[in-house]
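Overview (structure and organization)
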Amino acid sequence: YEVHEEKVNLSLEFLVTKDLPGVSKRLTLLRHGRIEEVAAAFGPIPPLIGRFDRVDCEPTYFMIGGFVFAPLSFPMLQQDHDIPEHLMERAYASWQQVDEQVIVLQRGLKHRINEGYDLDSIRPLLTVQGAKVSNMTELVRSVGAAMSSGAEYLAFGFEGSSGQGSQEVLPVKGLADADAEILDMHQIPACVSPNLLELYRSCMPSSSRGVLSTLMKVVRCGRSPSLAGA
């Protein structure tokens, strides 16, 4: 590569990033002992978590039985200083795969239905009913499917700080009543943020959707739980 009429060796990273995303580049490759030329357009790899409020992330939550789940984001990291260090490291050093999100239990709201559980620690959610959930959409669908199937319990699998996972269960019977009481107690308009509202209504059984119907006019105001950051 020539710089001021002198040939210099530049890193591949520089050659890839010096142009705008989407610009086609000619590459010379050594493949199976043969030299080939190909054209390729490069673009940025999306970060694992959202970085800017209202740009690539927005306040999002899902509450079930007092457990409040939210996708990890940089606005959340900036606001909450109790996020575990290993989650901080993962947020800064990892890239997103497809539509992957880091879902965390962002503490919880006390109620007799979740009595005895740790509601003060932020923990990554891994599974629902033993099946992996990769994002908030999958979480809402998995919970709705489990409740509609007649399951007796909802089982949530969490990642432990020492590498040891844990599982916590909520009884399905009484969940709708518990959610209604929690919403009323904390003046929360709905069990989900506005961006998950339609999904929630389509996935949850009718008994749980009733919790939402009495609060629809409040939901239109766009309110969300104060503890559920972006």
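First, a word on what this report is: a plain description of the structure on this page.

What counts and how
- Residues numbered from 1 in each chain as written.
- Predicted model: local features only at pLDDT ≥ 70, side-chain atom pairs only at ≥ 80, totals over all residues.
- Heavy atoms only, no water.
- Helix = DSSP H or I, 4+ residues; strand = E, 2+ residues; numbered from the N terminus.
- Buried < 20%, exposed > 50% of the residue type's maximum accessible area, 1.4 Å probe, protein only.
- Contact = heavy atoms within 4.5 Å.
- Areas by Shrake-Rupley, 256 points an atom, 1.4 Å probe, with all protein chains shown as cover.
- Pairing = 2+ DSSP bridges.

**Considering the overall build of the chain**
Counting secondary structure elements, the chain contains eight helices and 11 strands. Across the 230 residues that make up the chain, the buried fraction comes to 40%. Considering only intrachain contacts with a sequence separation of at least 6, the fraction spanning at least 24 residues in the chain is 60%. With an accessible surface of roughly 13,500 Å², the chain has 50% of that area assigned to carbon and sulfur atoms.

**Examining the environment of Lys110**
Tracing the backbone shows Lys110 in the loop between strand S7 (103–108) and strand S8 (122–128). Residue Lys110 is classed as exposed on the basis of its relative accessible area, which comes to 67%. When the C-alpha atoms of Lys110 and Phe67 are compared, they prove to be 8.7 Å apart, with 43 residues separating the residues in sequence.

**A word on the pairing of S8**
For S8, the buried fraction is high: six of the seven residues fall into the buried class. Taken together, the two bridges between S8 and strand S9 (residues 131–132) define a ladder with antiparallel strand orientation. Bridge pairing in S9 places Val128 opposite Ala131.

**Focus: unusual backbone geometry**
Unlike most non-glycine residues, Arg54 shows phi in positive territory, near 70 degrees. One can find Arg54 in the loop between strand S4 (34–41) and strand S5 (62–64). Exposure remark for Arg54: the relative accessible area of 62% places this residue in the exposed category. The phi torsion at Arg107 lies on the positive side, around 65 degrees, for a residue other than glycine. The topology assignment puts Arg107 in strand S7.

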